[in-house]
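Notes for the structure review
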Amino acid sequence: MNSSRHQEPDKSRLQELELENRLLKTIIDHIHEGVYAINGRGEIIIYNHEVEKTEGMHRQDVLGRLESEVYTHISGPGFSEVVSQAVMKTGQPLIDLLFQAELPNGRKEEIIISTYPFFDQGKLAAVYSVGRDLNTTGEFIAKTLEIKQRMLSRQGMDGAWSGARYFLENIIYKSDKMKAAVTQARKIAAQDIPVMLVGETGTGKELFAQGIHNASVFVKGPFVPINCAAIPDTLMESLLFGTERGAFTGAVEAPGLFEQAEGGTIFLDEINSMPLALQAKMLRVLQEKFVRRIGSKVQRPVSCRIISATNVDPYQAMQEKTIRPDLYYRLATVTLNVPPLRDRPEDIAPICEMLINRYSKNYGLFVDHVSPDVIGLFEKYDWPGNVRELQNILENSMSQVEIGARELKVRHLPVFFLDRIQGSRGKTLVRDMDGSSLNAILQDVEKSAIEAALANNKGNISKCAQELGIKRQALHYKLNKYGIKGGK
Ligand SMILES: Nc1ncnc2c1ncn2[C@@H]1O[C@H](COP(=O)(O)OP(=O)(O)OP(=O)(O)O)[C@@H](O)[C@H]1O
Ligand SMILES: [Mg+2]
């Protein structure tokens, strides 16, 4: 009894230590420097994600092995003799040594490494190195300078932020359709004409609006967005045009968004949600190029660029009387159509790659690509929510990925998405697919799910069936059907 009472605090302390240990390892994986360490016997005990990336080796292949065995491929005097052994022998750190290394993939790297001794109770217990490769460091510096330059170019006269983070260069695409849209956006940016962006929800209209602003002469001014669908009708007018003190009960003196956008861009998002009465007032502002604050007689010139957007077809909106035709023709001197994702499946793979990298970093994962099966599925789906929906699916899938996995597989996709694919089957079929290829994809999905479940359950069929939520007999049938072996 006594002994168990004694053990309790030890156990919780042990858990705490273990937690700290895992936390430290996670932190080490998130820094830009490569970090690795060997113990007194010369075995590698820490090998972080950055080292994995630069050296092209996986930690599971090097941890616990002798450094001198692992690094035989590095040309010139072996790394382990020169650096670690020297530090081991002398107990003195070696700072900022420049190394030329030829890596297993044939790449040549210049690496700067500092190596330090680690003492435990006066005895040298380990040697650890912190290094960075010169290429990455160069890129890092270039990126920092570029960000700094962008920040400067985006600051308004008074140093305020313009609010436009995206540049046309940030739009990722491979398709000719998107290429045409970006080229058109560049041309539009160079001229001061009102432009209307038309595209389904989540296609990237805001991205284009910001990109056009940042590529235009208005870049020094602010980017002022207003989402007409999100602002109550009663507030929209005073928000847009501003108010004079006492114009109505409680009215204070306040500039409107048109004034705030002076020298910059005003972005009227979801213009089809603007009340018709206000649309008439907007038209007058655009024709006269003056605004008056509510309750004021003073006219102020409008000196900003106007970009608007709608996620419904403007002709349909005019028919349904949600956009006044006279306002439409004023705002849409040029129309830029942002095509839906389903019409440009070539863009899916590069967008996935960018998002996977982003989420991997955010969540401390190592996924660096999406399996061809997943891309195949994505390319056949019709994406009613476009890129925003793709973001959502990928972010969801990442929570299913095992630590250390490099590939996002079909089995990581959320079940609700697989259901959605089945649901969209009818529509997809009509457009561009024959039923047999969709069936093949769904069978692939089923096959990979079964293989994954088998692997998870070490081939145990009962457990596997339980995980999949199907009967044993059904699983046997499917194993036969797909010729999957390895079930017990
Ligand atoms: N080609 C692209 N490359 C990179 N990111 C993209 C691309 N297209 C869209 N995105 C991203 O997808 C998300 C949705 O885009 P955005 O907000 O611009 O869509 P939207 O057309 O304005 O949608 P809504 O009509 O719903 O307002 C954003 O996070 C945006 O950064
Ligand atoms: Mg938007």
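As shown above, the structure is provided for reference.
For the structure given in this document, a descriptive report is provided here. Source: prediction; values computed, not measured.

Looking at soluble globular proteins, one finds that nonpolar side chains tend to be buried together. Ranked by size, the top nonpolar core spans 31 residues in total, and within it L240, F258, I266 and L268 carry the most contacts. Contributions of two or more residues to this core are made by strand 6 (195–198), strand 7 (223–227), helix 9 (233–241), helix 10 (257–260), strand 10 (265–269), helix 11 (276–288), helix 12 (314–319) and helix 13 (325–331). It is helix 11 that contributes the most residues to this core, five residues altogether. Excluding residues that lie within four positions of it along the chain, L268 makes contacts with I226, L240, M282, I306, I307, S308, A309 and L331.

Moving on: the sheet that holds strand 7. Spatially, the five strands line up as an open sheet ordered 7-10-13-6-14, and their pairing is parallel. The strands lining the two open edges of the sheet, one partner per strand, are strand 7 and strand 14 (334–337). On average, adjacent strands in this sheet sit at an angle of 20° to one another, irrespective of strand direction. Direction of pairing for strand 7 relative to strand 10: parallel, over a ladder of five bridges. If you follow V224 over to strand 10, its bridge partner there is I266. Against the sheet, helix 7 (residues 176–190) engages strand 6, strand 13 (305–310) and strand 14, with an angle of about 150° to strand 14.

Turning to the pattern of salt bridges, a few remarks are in order. Tallied over the full model, the rule gives 19 salt bridges. Linking E259 and R300 is a salt bridge whose minimum nitrogen-to-oxygen distance equals 3.6 Å. Taken together, the positions of E259 in helix 10 and R300 in strand 12 (residues 299–301) put the pair 41 residues apart, joining distant regions of the chain. According to the relative accessible area criterion, E259 is buried, its value standing at 18%. With a shortest N-O distance of 3.1 Å, D347 and R344 are connected by a salt bridge. We note that D347, like R344, is buried. The network of salt bridges with common partners includes D29, E52, R59, D368 and R406.

Residue placement: S216 occurs in the loop between helix 8 (205–214) and strand 7. Here S216 falls in the buried class, since its relative accessible area comes to 6%. Ignoring anything within four residues of it in the chain, the contact list for S216 reads A189 and R305.

Reading guide: rules and limits
- Residues numbered from 1 in each chain as written.
- Chains lettered and ligands numbered in written order.
- Predicted model: local features only at pLDDT ≥ 70, side-chain atom pairs only at ≥ 80, totals over all residues.
- Heavy atoms only, no water.
- Core = buried A, V, L, I, M, F, W, Y, C linked by side-chain atoms within 4.5 Å.
- Buried < 20%, exposed > 50% of the residue type's maximum accessible area, 1.4 Å probe, protein only.
- Helix = DSSP H or I, 4+ residues; strand = E, 2+ residues; numbered from the N terminus.
- Contact = heavy atoms within 4.5 Å.
- Pairing = 2+ DSSP bridges.
- Axes fitted to C-alpha atoms, helices over the stretch in contact; angles between N-to-C directions.
- Salt bridge = Lys/Arg side-chain N within 4 Å of Asp/Glu carboxyl O.

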